[in-house]
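The lines below spell out each chain.
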Amino acid sequence: MTPAVASRRLSLVAGLVGAAAAPACSRREPPPPPPAAAPAAAPAEAPREGERSPVVSRIERNGLSIAFELRPLHGAGDRPEARTDATAVFTITDAATGAPVRDLGPVAWMSRRAGAPPDEAGCQDKIKSFMAGLIAVRPDVDMNEYVLWTQNQDNTLSVINPQLAFTRSKLRKLVPLAAGSTALALHPDGDRLYATLQGAHGLAVIDTRRAQVTANVHVGAEPTRVSVAPDGKTVWVGNDGDGTVSVVDARAASVLKTLRAGPGHHELAFSGGGRTAWITSRDAGTVTAVDTGTLEPVAEIEIGAGAAAVAASDAANAVYVANEPRGEIVILDADRRAVAGRVALKAGVSAVAFAPGGRFAFALNPAKGEVSILDASTGSLAHTLPGFATPDAIAFTDTYAYVRNLGETRVSLIELPSLDRPGKPAVVDVQIGQQPPRAAKGARGAAPFAVLPEGNGAIVASPADKVLYYYVEGMMAPMGTLSSYGREPRAALIEDRSLKEVQPGVYAATVRLGGEGVHDVELLLRGRGIAACLEATVAPSAVPAEDRSPGLTVEPLFDAGVDLEVSSPATLRFRATPKAGAPPLEAKEMQVMIFRFPVGFRDTVQPRAEPDGAFSVTFTPPEPGEYRFLLEAGSRNAPLGALPSISLYAASPGAEAEAGGAR
């Protein structure tokens, strides 16, 4: 057993699973006690009918007035799963003046009250135990949580919790998709993730709280890129197979409009606070500007064939397009929607991205092993940095640009503050991994960096090593590793569920509530060294349990304990029964996914209707081992993963079956 990341931003007890330098079963010293806590707040008023704790719980401490409430989730509508969610809100003001108090760095939890409200010592003990991140002492609601999503080489996404202190597995859930994914985009609200799927499977919409696919949206051919508009209302999908871009309603998960964008690969960017979308067409040699309000094209700008990447800077009021064969960055004036200049680089430049602040643009040239840095304030080349090994991906913290070297086991960190100083920018190489990323087929072009919410490091996906490396700035090597559980993580992103200052003095997070009843709300304000316990009441859910469950049950009509034979087709019959009063199921409403567990073969087929009302699929095991049978029926509230899987076993021809089907 090794240390793990304990809890977000809690440096007193930080540690990592798999830390290379840490001895096995290393023991951490307990964190020092938190600052003196205020007594529990006065009980909140009873919730109104149909709401959860709409009345505020208040307390004053060290000159601060602290209020807490649980608000119904905005925009939840009639989604049953959303009715168990709420927005937890702390409003903190100066007790004397009423002025909002900013930058307090709150961390908070909720735990169901078992007896009397905690006294000062009890409040301290609770906060201390939650800060330690121990698996044996867990809150009912954690407002400091973040989870890691990885895009794998197979048809899955992994949901990993890197914050538990001691546990055998950090894999929270494996989300099966209808096909392999090509790109990911997280909604600004954090409640939905979008994945473009290979083949004709379109765009998968994933509920991040339940870690389930809720819809597969039919878009154009060969969807490759996906971006969410800054206002969160629309999702834009570049379809490389038919020269179109699909604009999808982010809430309704339906296509609003299909735009002609020209043939070839498409990249997407937004400018003007999201008012204009920019779409490149590699083969047509044009960039199309689209008004995101009307969804109408407003300009088509000729730049020459070969557009490989696009990035926008509102600070510079410019859009930069990388033209790979011409070896140049084309600068577009975002207001005039016209070419404002061209910066000559070298043929092969294939990626461009703006650093925080929008002044400096980084252009990657894998073919030449160079990174070029352009100054948008002058529209000119500021630096050319050689010595990279096929640089193909970039991400930013406030201090560094992280550049992946596809051909070597190192990540290059370019210091951003040094860009304003005379001379060459500072570059630090950090050895990460045992094998270069290119050793994993198909790794190029992915997004391997998941920047930590603290902004001081990143989790780096290593597909060749089948590992995720946890790096914190200032170190010359990763602090530790996270397992990918046998899969090749191509891309990674972090879904941050922690408290954020959404308005001056107002700190909020979306939470999934547990059982009904009175809960203690434990709060630590790190910016002022203040700890306090407040109170909230969770009302009974207004949604009956049966309304939140899948709308059908599945019963296997085959003996899962009998081995199937490799390379021999087997008919797997099953019965799918809808809820009482629901119309009969049709085969076209369902899909069956069968995959090798934990990794390997994967296939999705539509079942056949049988004369006796049952359904069936034919499965030919390609190799010995364990397989999983999953049924999906989105129209019956049973997306992929909602129904229990059925285990299957396959053996080589002539192999002796195990007694009783035991495995």
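Residues numbered from 1 in each chain as written. Predicted model: local features only at pLDDT ≥ 70, side-chain atom pairs only at ≥ 80, totals over all residues. Heavy atoms only, no water.

Asks: I keep staring at the overall build of the chain and nothing clicks. Help me out?
Replies: A count of helical and extended segments in the chain gives two helices and 51 strands. Out of the 663 residues belonging to the chain, those deemed buried represent 54%. Taking the contacts inside the chain whose residues are at least 6 apart along the sequence as the reference set, 53% of them involve residues at least 24 apart. Accessible surface computed for the chain: about 27,000 Å², of which carbon and sulfur atoms make up 51%. (Helix = DSSP H or I, 4+ residues; strand = E, 2+ residues; numbered from the N terminus. Buried < 20%, exposed > 50% of the residue type's maximum accessible area, 1.4 Å probe, protein only. Contact = heavy atoms within 4.5 Å. Areas by Shrake-Rupley, 256 points an atom, 1.4 Å probe, with all protein chains shown as cover.)

Asks: Got a minute to help me understand the pattern of salt bridges in this structure?
Replies: The tally for this structure, following the rule as stated, stands at 35 salt bridges. Across the salt bridge formed by Asp496 and Lys500, the nearest N and O atoms sit 3.9 Å from each other. Judged by relative accessible area, Asp496 falls into the partly exposed class, the value being 24%. Classification of Lys500 by relative accessible area gives partly exposed; the value is 37%. Among the charged side chains, a network of salt bridges with common partners joins Arg113, Lys126, Asp520, Glu522 and Glu535. (Salt bridge = Lys/Arg side-chain N within 4 Å of Asp/Glu carboxyl O.)

Asks: What's the story with the state of the cysteines in this structure? I'm lost.
Replies: Evaluated as defined, the whole model comprises one disulfide. Residue pairing for Cys123: its cysteine sulfur links by disulfide to Cys533, the two sulfurs lying 2.1 Å apart. Disulfide Cys123 to Cys533: torsion about the S-S bond roughly 100°, handedness right-handed. In this pair, Cys123 is assigned in helix 1 (residues 120–132) and Cys533 in strand 42 (residues 530–538), connecting sequence segments 410 residues apart. (Disulfide = S-S within 2.5 Å.)

Asks: So what exactly am I meant to see when it comes to the packing of aromatic side chains here?
Replies: Tallied over the full model, the rule gives 11 aromatic pairs. Look at Tyr402 and Tyr471: their rings are 6.3 Å apart centre to centre, the planes differ by 70°, and that puts the pair in the edge-to-face class. With Tyr402 in strand 31 (residues 400–405) and Tyr471 in strand 36 (residues 467–472), this pair connects stretches of sequence that are 69 residues apart. Note on Tyr471: relative accessible area 3%, which makes it buried. (Phe/Tyr/Trp six-rings, centres within 6.5 Å; stacked < 30°, edge-to-face > 60°.)

Asks: Would you explain helix 1 in this entry?
Replies: Because each turn of an α-helix spans 3.6 residues, side chains separated by three or four positions end up pointing in the same direction. For helix 1, with 13 residues, the first-to-last C-alpha span of 19 Å sits near the 18 Å given by 1.5 Å per residue. Along helix 1, the residues that are buried comprise Cys123, Gln124, Ile127, Ser129, Phe130, Met131 and Ala132. The backbone nitrogen of Ala121 lies 3.3 Å from a side-chain oxygen of the residue at the head of helix 1, namely Asp119. (Expected span 1.5 Å × (residues − 1). Polar contact = N/O pair within 3.5 Å; in protein donor to acceptor, adjacent residues only side chain to side chain.)

Asks: Help me out: how do you make sense of the sheet that holds strand 39 (residues 500–503) in this one?
Replies: The strands making up a sheet associate through hydrogen bonds between their backbones, and the pairing can be parallel or antiparallel. A sheet is described by the order of its strands in space; here five strands give the open sequence 2-3-4-40-39, paired in antiparallel fashion. Both outer strands of the open sheet, strand 2 (57–61) and strand 39, are each paired with one neighbouring strand and no more. The sheet shows a mean angle of 30° between the axes of neighbouring strands, taken without regard to direction. Summarising the sheet, strand 2 and strand 3 (residues 64–72) pair through five bridges and their orientation is antiparallel. Paired with Ile59 across the two strands is Ile66, which belongs to strand 3. (Pairing = 2+ DSSP bridges. Axes fitted to C-alpha atoms, helices over the stretch in contact; angles between N-to-C directions.)

Asks: I keep staring at the confidence of the model for the chain and nothing clicks. Help me out?
Replies: Within the chain, residue pLDDT values average 85, and 85% of them lie at 70 or more. Contacts of residues 542–547 to residues separated by more than four positions or lying in other chains number seven contacts, the stretch itself having pLDDT below 50. (pLDDT = per-residue confidence, 0-100.)

Asks: Is there a simple way to explain the nonpolar core in this structure?
Replies: The tendency in soluble globular proteins is for nonpolar side chains to be buried as a group. Membership of the largest hydrophobic core comes to 28 residues, with the highest contact counts inside it found for Ile66, Phe68, Leu70, Phe90, Ile92, Met110 and Met143. Elements represented by at least two residues in this core include exactly strand 3, strand 4 (85–94), strand 5 (106–112), strand 40 (506–512), strand 41 (517–525) and strand 42. Tallying contributions element by element places strand 42 first for this core, with five residues. When neighbours within four sequence positions are excluded, Met143 is seen to be in contact with Phe68, Ala88, Phe90, Ala108, Trp109, Met110, Arg497, Ser498, Leu499, Val511 and Val521. One finds Leu572, Met590, Val617 and Ala650 within the second-largest nonpolar core, a separate group that totals 25 residues. (Core = buried A, V, L, I, M, F, W, Y, C linked by side-chain atoms within 4.5 Å.)

Asks: I would appreciate a short explanation of the pairing of strand 39 in the present structure.
Replies: Side chains on a regular strand alternate between the two faces of the sheet. Of the strand pairs in this sheet, strand 39 and strand 40 are connected by three bridges, and their pairing is antiparallel. If you follow Gln503 over to strand 40, its bridge partner there is Val506. In textbook terms, the turn of a hairpin is the stretch between consecutive antiparallel strands, and for strand 39 and strand 40 this stretch comprises two residues, one of which, Gly505, has a positive phi near 80°.

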